Amino acid sequence: MYKRQANGSIESVWNNFYSTIALSNLVIESLKESTLSNKDRATAEAKFIRAWCYFELTTMFGDVPLRLTLPQGAADFGLGKSTRAEIYVQVESDLTDAIANLPAKSAVADEFRFSKGAAEALMGKVLVFQERYSESLPFFQSVIGNPSHDLEGNIADVWSINSEFGVESLVEIGFVSTSGRDWGNLAWGGRNESNLHIQLMGPRGDGIFDVSSAGLLNGWGFNLPTAKLATAFDAAGDTNRKAATLLTEAELIALGGSVDPTSATGGVIWDYEGAIRIKYASRAEETAADGVRELNYSTNFRIFRYAEVLLLAAEAYNKAGQDGNARTELDKVRNRAGLADVNGSLSGTDLFDAIVDEKFLELAHEGQRFWDLVRWGRAATELTGTGYASKNDLFPIPITEIDKNSELTVADQNPGY
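As a convention, each chain's residues are numbered from 1 in the sequence order in which they are written. In view of the model being predicted, local features appear only for residues whose pLDDT reaches at least 70, and side-chain atom pairs are presented and counted only at 80 or more, with totals across whole chains, interfaces and linings using the full set of residues. By convention in this description, side-chain values take in all heavy atoms of the structure and omit both hydrogens and water.

Let's talk about helix α13 (residues 369-376)
Stated precisely, the cut-off is as follows: Whether a residue is buried, partly exposed or exposed follows from its accessible area with a 1.4 Å probe, protein chains only, as a fraction of its type maximum: under 20%, in between, or over 50%, in that order. A run of H or I in DSSP becomes a helix once it reaches four residues, and a run of E becomes a strand once it reaches two; helices and strands are each numbered from the N terminus. The criterion used for residue contact is that any of the two residues' heavy atoms lie within 4.5 Å.
Turning to α13, its buried residues number three or more, namely Trp371, Asp372, Leu373, Arg375 and Trp376. The elements touched by buried residues of α13 are α2 (39-61), α4 (116-129), α10 (306-319), α12 (348-362) and α14 (379-382). Looking one or two places after α13, you find Gly377, whose phi comes out positive at around 70°.

Considering the nonpolar core
For clarity, the threshold we go by: What we call a nonpolar core is a set of buried Ala, Val, Leu, Ile, Met, Phe, Trp, Tyr and Cys residues that are connected through their side-chain atoms within 4.5 Å.
With 64 residues, the main nonpolar core has Phe48, Tyr54, Leu57, Leu95 and Phe304 as its most contacted residues. Other than its neighbours up to four places away in sequence, Phe48 contacts Leu95, Ala98, Phe114, Ala118, Ala119, Leu122 and Val171. With 14 residues, the next largest nonpolar core counts Ile208, Leu224, Val259 and Ala264 among its residues.

A few points about the environment of Gly205
Relative to the helices and strands, Gly205 resides in the loop between α6 (196-201) and β4 (209-210). A relative accessible area of 9% means that Gly205 is categorised as buried. Put simply, Gly205 and Leu217 are 12 residues apart on the chain and 8.5 Å apart in space, counted from C-alpha to C-alpha. If sequence neighbours within four positions are ignored, Gly205 has contacts with Asn218 and Gly219.

Some thoughts on the pattern of salt bridges
Heads up, the rule is: Salt bridge, as used here, is a side-chain nitrogen of Lys or Arg placed within 4 Å of a carboxyl oxygen of Asp or Glu.
Per the counting criterion, the structure on display carries 29 salt bridges. The shortest N-O distance in the salt bridge between Arg132 and Glu135 comes to 2.8 Å. Overall, Arg132 belongs to the partly exposed group, its relative accessible area being 24%. A salt bridge links Asp206 to Arg204; the nearest nitrogen and oxygen atoms lie 2.9 Å apart. Arg204 sits in the partly exposed class, given a relative accessible area of 31%. Linked by salt bridges that have partners in common, Glu168, Asp238, Arg241, Lys279, Arg305, Arg334, Arg336, Glu358, Glu362 and Glu366 make up one network.

Remarks on the environment of Val158
Looking at the secondary structure, you find Val158 in the loop between α5 (133-144) and β3 (169-173). Measuring from C-alpha to C-alpha, the distance between Val158 and Tyr54 comes to 27 Å, with 104 residues separating the pair along the chain. Leaving out residues up to four positions away in the same chain, Val158 has contacts with Glu152, Ser163, Glu168, Arg302, Arg305 and Arg336.

What to know about the packing of aromatic side chains
Keep this limit in mind: What counts as a ring pair is set by centres within 6.5 Å for rings of Phe, Tyr and Trp (its six-membered ring), and what kind of pair is set by the plane angle: stacked under 30 degrees, edge-to-face over 60, tilted for all other angles.
Counting across every chain of the model gives 16 aromatic pairs. When the centroid spacing of 5.6 Å and the interplanar angle of 75° are considered together, the rings of Phe61 and Phe395 count as edge-to-face. Here Phe395 lies in the loop between α14 and α15 (399-404) and Phe61 lies in helix α2, a separation of 334 residues in the sequence. Measuring from centroid to centroid gives 6.0 Å for Phe222 and Trp270, while their planes differ by 75°, and the two rings are edge-to-face. Of this pair, Phe222 sits in the loop between β4 and α7 (227-235) while Trp270 sits in the loop between β6 (258-259) and β7 (275-277), placing them 48 residues apart in sequence. Assessed through its relative accessible area of 38%, Phe222 is described here as partly exposed. By way of ring pairs, the aromatic residues Trp14, Tyr18, Tyr54, Phe61, Phe370, Trp371 and Phe395 are connected into one cluster.

Observations regarding the pairing of β3
This is how the line gets drawn: Here, any two strands with at least 2 DSSP bridges between them count as paired.
Counted residue by residue, β3 has 4 buried out of 5 residues, so it is predominantly covered. Taken together, the 4 bridges between β3 and strand β8 (residues 301-305) define a ladder with antiparallel strand orientation. Across the sheet, residue Ser169 finds its bridge partner in β8, namely Arg305.

Things to note about unusual backbone geometry
The phi dihedral of Glu131 falls on the positive side, at around 65°, and the residue is not glycine. Tracing the chain through its elements places Glu131 in the loop between α4 and α5. On the accessibility criterion, Glu131 (54% relative accessible area) is exposed.

Remarks on the environment of Val410
Position of Val410 relative to the elements: it lies in the segment after α15. Accessibility expressed as a relative area gives 53% for Val410, which makes it exposed. Here the alpha-carbon distance between Val410 and Ile397, two residues 13 residues apart in the chain, equals 9.4 Å.

Notes on the packing of helix α1 (residues 8-31) against α2
When two helices pack together, their arrangement is captured by the angle between the axes and the distance separating the axes. Note the cut-off: With axes taken as lines fitted to C-alpha atoms, and helix axes fitted only over the stretch in contact, angles between N-to-C directions fall between 0 and 180 degrees. Each angle receives one of four descriptions, namely roughly parallel if under 35 degrees, roughly antiparallel if over 145, roughly perpendicular if within 65 to 115, and oblique otherwise. Note on convention: near helix rotated counterclockwise from far helix by under a right angle means a left-handed crossing. Clockwise means right-handed. Amino acids outside the nonpolar list (Ala, Val, Leu, Ile, Met, Phe, Trp, Tyr, Cys, Pro) and the charged list (Asp, Glu, Lys, Arg) are all regarded as polar, and Gly is one of them.
It is the contact of α1 with α2, at a shortest axis distance of 9 Å, that shows an interaxial angle of 155°. Between α1 and α2, the angle falls in the class roughly antiparallel. As α1 runs across α2, the sense of the crossing is left-handed. Looking at the contact of α1 with α2, its residues break down into 17 nonpolar, 4 polar and 4 charged.

Comments concerning the side chain of Glu120
Stated formally: In this tally Asp and Glu are treated as negative and Lys and Arg as positive; neither His nor the chain ends contributes.
Within the element layout of this structure, Glu120 appears in helix α4. The buried charged residue Glu120 lacks any salt bridge, with Lys116 as its nearest oppositely charged partner at 4.2 Å. In contact with Glu120, other than residues within four places in its own chain, are Ile99, Phe139, Ser142 and Val143.

This is the structure we're talking about:
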């Protein structure tokens, strides 16, 4: 008998978002009758993270179940899908409440907590994803006009442990190196306080990459840069941002390192196209000095930052016919990277193309480009030869969810799966 198999990675994404939503709902419901002095702020924080999760879910999966309350019994667990339009309405409602009740970044004493500016920026992004460009602009303008938000002066400092929760950060996942993880207490379920992903993405050891001269430790070799990305940096003359993002084989060798394909299985380095990562690299100073260093990276993930806000604002201005303002925001990102302003006559589609190219370079390896390509209708062109098909514009609903959810059937699966 044929047994349907779940894609474990897709299932994990789905489950983690809905687990976070469940915790958010618990906080929101628990505080409804509360008299605590921080009730409004705590509720706003829960609504912010719920909005974040539903925005990500509808971007990745399209129509999804919209659960806003805690199940009271077994019969409450079944829930049909809501449309993407309905999800957006709820996201905007949650963000409206968050904006009204979260403090400005300058007033956030616990730097890891969400601010009004983060909620405004996310609202703007949500509206851009719906092509409601003019409506997004006041939210971006509020963030950009607040002096608490800015770009790091040096592009290389953006991902440094020395600038964690810094002026450019809007939403950041914090990690520490003090939890003392080893192979006996490592939790693969995603609740480690240390950032194992840095180890996963470091250049492979086993004699393949010698990276000590570059100030790096060896990792497990996932998510290497493409040749296309390295070439794009060179074509743009973008030397500073390139150096903060990747290191080519020639550059590594010039530093005294080496690459030995013969040490790899079959003599081929899996997924290697001539460069290793510097952004979110496996730096020796970002992990524990003692113990199992590869399991104890403290590197924070910046999952929403001011540079992205500027590029979203540039896109919104361009689509709203305000190309002068679009160039202004675009040039802020370019100038920080050490590049000159774009041509002052650049406008319309040509300016939009420049924004697209800039976003490719600025946000490389930050998990945004694919979803941008989908919403821009450019995925088929940009991903030629990768195995991409139009069905991949959405992830499949996990078959485990369809099997468990009494209100879903195989007919609810996304097209093509």
